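# Structural description and commentary
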Amino acid sequence: MPQIAVVPGSFDPVTVGHLDVIQRAATIFDEVHVLVVHNPDKTSSLFDAAERVRLIDAALDEAGLHDGVRVESWSSGLLVDYCRQVGARVIVKGVRSSADVAYETPMAAVNRDLAGVETVFVVPEPGRSHVSSSLVRQVASLGGDVSPYVPRVVVEALAQ
Ligand code: PNS
């Protein structure tokens, strides 16, 4: 049976750090579902869910990372409900720092309690450990250059 892993996130927008995590997940698992988790009531996002999916798809194409990787979105409830629906037993998250580990650990424990889904933490390339979507949003909104931190398709989408 193929081992499916879910890489969830807000991806608003997808960064080079996310691509690093997706690539690592794809080397470990047979199938990777990159899942844009979004709350339809949240109106403060930079990109809507459909646009985030499109940007991730385009970034994966650009990076040659689409083999065994698909991009989906989820707004219907718990992350583990999606995992159950597709038969995924593992969630993969990137951890850049001890602060990330502290933030992710309770979620990992709750997801295991809820559905027996385990979380695997992967460590991105150290040169990418300061990259986050929230910093990208802030720098971009103030007119700064975010091209070192995001795929080209995101730079183009931000320019529009
Ligand atoms: O990009 P982020 O902010 O690290 O993504 C966090 C996300 C969306 C993966 C997390 O908030 C999440 O899993 N939300 C879905 C709701 C859920 O299942 N909550 C209970 C387990 S914590």
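For the structure given in this document, a descriptive report is provided here.

How each quantity is defined
Residues numbered from 1 in each chain as written. Predicted model: local features only at pLDDT ≥ 70, side-chain atom pairs only at ≥ 80, totals over all residues. Heavy atoms only, no water. Axes fitted to C-alpha atoms, helices over the stretch in contact; angles between N-to-C directions. Helix = DSSP H or I, 4+ residues; strand = E, 2+ residues; numbered from the N terminus. Parallel < 35°, antiparallel > 145°, perpendicular 65-115°, else oblique. Contact = heavy atoms within 4.5 Å. Nonpolar A, V, L, I, M, F, W, Y, C, P; charged D, E, K, R; others polar. Buried < 20%, exposed > 50% of the residue type's maximum accessible area, 1.4 Å probe, protein only. Arc of directions from axis to C-beta. Pairing = 2+ DSSP bridges.

### Focus on the packing of helix 2 (residues 49-63) against helix 6 (residues 152-159)
At their nearest, the axes of helix 2 and helix 6 sit 8 Å apart, and the two run at 140 degrees to each other. In this view, helix 2 runs oblique relative to helix 6, as classed from their interaxial angle. Of the residues in helix 6, those touching helix 2 at Glu51, Leu55, Ala58, Ala59 and Glu62 are Arg152, Val153, Val154 and Ala157. A breakdown of the residues in the contact of helix 2 with helix 6 according to their chemical character gives six nonpolar, no polar and three charged.

### Section: helix 6
Inspection of helix 6 places Val153, Val154 and Ala157 among the buried residues, and these make up the whole buried set. Viewed end-on, helix 6 has its buried residues packed into an arc of 95 degrees, placing them on one side of the element. Against helix 2 lie the buried residues of helix 6.

### Re the sheet that holds strand 3 (residues 69-74)
The strand order across the open sheet formed by five strands is 3-2-1-4-5, and the pairing between neighbours is parallel. Each edge of the sheet is formed by a strand with only one pairing partner; in this case those strands are strand 3 and strand 5 (118-122). The average angle at which neighbouring strand axes cross in this sheet is 30 degrees, direction not considered. With five bridges connecting them, strand 4 (residues 90-94) and strand 5 associate as parallel partners. The residue of strand 5 that forms the bridge with Gly94 is Val122. Contacts from helix 4 (residues 98-115) reach strand 4 and strand 5 within the one sheet, and its direction differs from that of strand 5 by about 160 degrees.

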